[in-house]
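These are the residues of each chain, in order.
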Amino acid sequence: MNKYLFAIAALVLVWAGCRKNVDETTKTGPIDVELVETSIAGYVLDENGETLPFATVTIGNKTVQANERGIFLLRNQLFDKNGTLVKVSYPGHYDAFRFVYPNLGTVSQVEIRMRTKATPNTFNANSEHTLTFASGDIEVQVTIPANAVGNQNGQPWTGTVAARTVAYDPTNANDRRVAPGDFRAQDSEGNARILQSFGMFGVELTTTAGAPLNLLPGQKAKISLKVPGNLSSAAPTEIPLWHFNENNGYWEEEDSATLVNGRYEGEVSHFSFWNCDVPNDFAFVKGRVVTTNGQPVAYTVVNIESALFGTASGVSDNEGYFSGFVPNDDELKLQIGAGCTNSIVTIGPFEAASQNDLGDQTITTAVFRHTGKLLACDGTPLTNGIAYIQSDSSSFVPQHLIAVGDENGSFNLYTNGCGQPSSAVAQGYDLANGLISNTINASINNNEANFGDIVVCDPLEEYITLELNGATPAAYTYNLSTTLDYSFSDSLMLRGRYLDSNNELQYFNGNITYTGNGATTGFLYHFIASGANGNEKFWVNCITCGNDLVTFTELPTNIGDFVSGSFSGTALQTNSTGAISEVPYTIKFRVKRDQ
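The following refers to the structure shown. (Residues numbered from 1 in each chain as written. Predicted model: local features only at pLDDT ≥ 70, side-chain atom pairs only at ≥ 80, totals over all residues. Heavy atoms only, no water.)

Turning our attention to the overall build of the protein. Looking only at helices and strands, the protein has one helix and 45 strands in total. Looking at the 595 residues of the protein, the share that counts as buried comes to 53%. Long-range contacts, defined as pairs at least 24 residues apart, comprise 66% of the intrachain contacts of the protein with a sequence gap of at least 6. (Helix = DSSP H or I, 4+ residues; strand = E, 2+ residues; numbered from the N terminus. Buried < 20%, exposed > 50% of the residue type's maximum accessible area, 1.4 Å probe, protein only. Contact = heavy atoms within 4.5 Å.)

Attention shifts here to the state of the cysteines. Considering all chains together, one arrives at one disulfide under this definition. At a sulfur-sulfur separation of 2.0 Å, the disulfide partner of Cys377 is Cys457. An S-S torsion of about 120 degrees defines the bridge between Cys377 and Cys457 as right-handed. One end of the pair, Cys377, is in the loop between β29 (367-375) and β30 (385-391); the other, Cys457, is in strand β36 (residues 448-458), with 80 residues separating them in the sequence. For Cys377, a relative accessible area of 46% puts it in the partly exposed group. (Disulfide = S-S within 2.5 Å.)

Okay, the packing of aromatic side chains next. Counted according to the given criterion, the structure contains 10 aromatic pairs. These aromatic residues form a ring-pair network of at least three members: Tyr94, Phe97, Tyr168, Phe183, Phe244, Trp251 and Phe273. The cationic tip of Lys117 hangs over the ring face of Tyr94; the distance from NZ or CZ to the ring centre is 5.6 Å. (Phe/Tyr/Trp six-rings, centres within 6.5 Å; stacked < 30°, edge-to-face > 60°. Lys NZ or Arg CZ within 6 Å of the ring centre and 35° of its normal.)

Within this structure, the stated rule accounts for 11 salt bridges. Between Asp281 and Arg193 there is a salt bridge, with its nearest N and O atoms 3.4 Å apart. One end of the pair, Asp281, is in the loop between β21 (273-280) and β22 (282-290); the other, Arg193, is in strand β15 (residues 192-206), and 88 residues separate them in sequence. A salt bridge links Arg369 to Glu448; its shortest N-O distance comes to 3.8 Å. One end of the pair, Arg369, is in strand β29; the other, Glu448, is in strand β36, and 79 residues separate them in sequence. Salt bridges linked by common partners bring Asp187, Arg193 and Asp281 together as one network. (Salt bridge = Lys/Arg side-chain N within 4 Å of Asp/Glu carboxyl O.)

Okay, the environment of Lys117 next. Along the chain, the position of Lys117 falls in the loop between β8 (107-114) and β9 (121-124). Of the residues examined, Lys117 reaches a relative accessible area of 24% and is grouped as partly exposed. Sequence separation of Lys117 and Val166 is 49 residues, and the distance between their C-alpha atoms is 7.8 Å. Setting aside residues up to four positions removed in sequence, Lys117 forms contacts with Gly92, His93, Tyr94, Arg164 and Glu204. A polar contact is formed between the side chain of Lys117 and the side chain of Glu204, at a distance of 3.1 Å. (Polar contact = N/O pair within 3.5 Å; in protein donor to acceptor, adjacent residues only side chain to side chain.)

So, on to the side chain of Gln361. For Gln361, the position within the fold is in strand β28 (residues 355-362). With a relative accessible area of 15%, Gln361 lands in the buried category. There is a polar contact of 3.0 Å between the side chain of Gln361 and the backbone oxygen of Leu358.

Before going further, it helps to spend a moment on the sheet that holds strand β3 (residues 56-59). Spatial ordering of the open sheet is given by β4-β3-β6-β7, a layout of four strands whose pairing is antiparallel. Because the sheet does not close on itself, it has two edges, and the strands there are β4 (62-65) and β7 (96-100). Averaged over all neighbouring strand pairs, the angle between strand axes comes to 20 degrees, with direction disregarded. (Pairing = 2+ DSSP bridges. Axes fitted to C-alpha atoms, helices over the stretch in contact; angles between N-to-C directions.)

The residue after Gly348, namely Pro349, is reached through a cis peptide bond having omega 0 degrees. Tracing the backbone shows Pro349 in the loop between β27 (344-347) and β28. You will see that Asn147, though not glycine, has its phi angle at about 55 degrees, which is positive. As for its placement among the helices and strands, Asn147 is situated in the loop between β11 (138-144) and β12 (149-150). According to the relative accessible area criterion, Asn147 is partly exposed, its value standing at 46%. Within the chain, Phe183 stands out as a residue other than glycine whose phi angle is a positive 65 degrees. For Phe183, the location among the structural elements is in the loop between α1 (173-178) and β14 (184-186).

Attention now moves to the pairing of β29. Along β29, seven of the nine residues are buried, which leaves the element largely enclosed by surrounding structure. Note that β29 and strand β32 (residues 410-416) share seven bridges and pair antiparallel. Note on β32: the bridge partner recorded for Lys373 is Ser410. Pairing analysis gives six bridges linking β29 to β36, with the strands arranged parallel. Note that in β36 the partner of Leu375 across the bridge is Val455.

Moving on, we come to the environment of Tyr101. Note that Tyr101 resides in the loop between β7 and β8. C-alpha separation for the pair Tyr101 and Gly83, spaced 18 residues apart in sequence, amounts to 4.7 Å. A polar atom in the side chain of Tyr101 sits 2.5 Å from the side chain of Asp182. Within the structure, Tyr101 has its side chain in polar contact with the side chain of Arg184 (distance 3.3 Å).

In structure tokens:
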């Protein structure tokens, strides 16, 4: 059974549903756009599951910034129930694209995983160059002819080209998580299709300074993609090529490739994400996850397995609804509460383009209730707040969830659980004003965690802010840690990242020493940062190191306590041309002692 093809791996990755009349219907593409007033929440992670704070999130025509925990929320907006595209941008990572299928008046939750960009491969545009890259069982070669690269104005580029490449193996679960879109497609005749992938890759060309480059009009690059071994028996002799349209999330058919000795060979006229896929018709399904007494179950894993297309996963929304596109002419297995012991039912086959209501799907495992009320500083209901909830059991599903308060600030969620947690923690956020609550602990009694009133009134718990040369780049909190050793000298290690004026991701780390427990000043002895491409650095001018005193406003006595303060001085900054200049800097920090 093929449990590795892409076609529905993302199509049902984010499930929600439909239960009321839509607010507005329009026709702008091969799939109808049906707008409903709804809310979408989510969180942004890298491919390893680490938080990517302050990412830029665009949903439809609305843009927000995730908070320091990677959480975002767009509330009570018009979004497409047949698939709303969520685009996330983060420095040093490829843009991520996911579709959400929202329901009128509910909250859909989506997890966005992003892939880190690799170090670029550089070559001279005047010479032919072959890029070779791989992921899992995928290996790709792209040959760019000499004098074939141009700038944004279509003028030939004769200098150095920086090429970043990425491959996606359809047999690899991690690659499926970060693949763009939901594999909806528009074929050469304008019809909506879904895709069965045999391999995907992306190429991004820029100058060494980061200006976009691409193939000149009339030029083509040769591609050669190795088909994964366990897909080779199903690989057709000729397969369509599809490129990803970042504006609407559709894969668009353009040309084809031929199978030669286990590799698909063809040509492409421009660079973006490319996919070798077989197109298929689809049907639409929807349903609702409920308890044995009819209560809706939020954020429950839903699996659909196809003998032809493989297994796809998604989650229900806060009222238990799920929906999405599935292969039409195939018998499917539906599992509600995947990861727990639940029965599997057979659904389908369905007619092409049909609408299919699966009705209530009752789960048989334990259900946990989470309740609480989000309040502003003055005690009034926080109407734009969320609570981030985690269980103390690593086997609990979901391990973390986002509860959105209603007009009274209250939330009441039933979730499916595999483990038997004894407690849970919640933290409230006011995303509009950048405020946070204390951590609220709740014991789980009779499968219920009541967090009571959650007052969201404090500034961010941990942060590093940087002012460099009089400008304040966007501050990022990343891998913040403290190391304190009272046996020798007390020291603090800071690690973080920020955006420079060119929107490039910069990394920095520093060590601070201070004398004795309870001292209010210390001195900085090391600080360095390097750009995403390794070509920009600044460091503290060590002539002034001993004079750059750190003023502490909090000092930790125990693990879990906070240390905070600020320091200023002079830094040397080196740009991409090698020019060095002295610039003033100021850094403020607040981090939790972890050792």
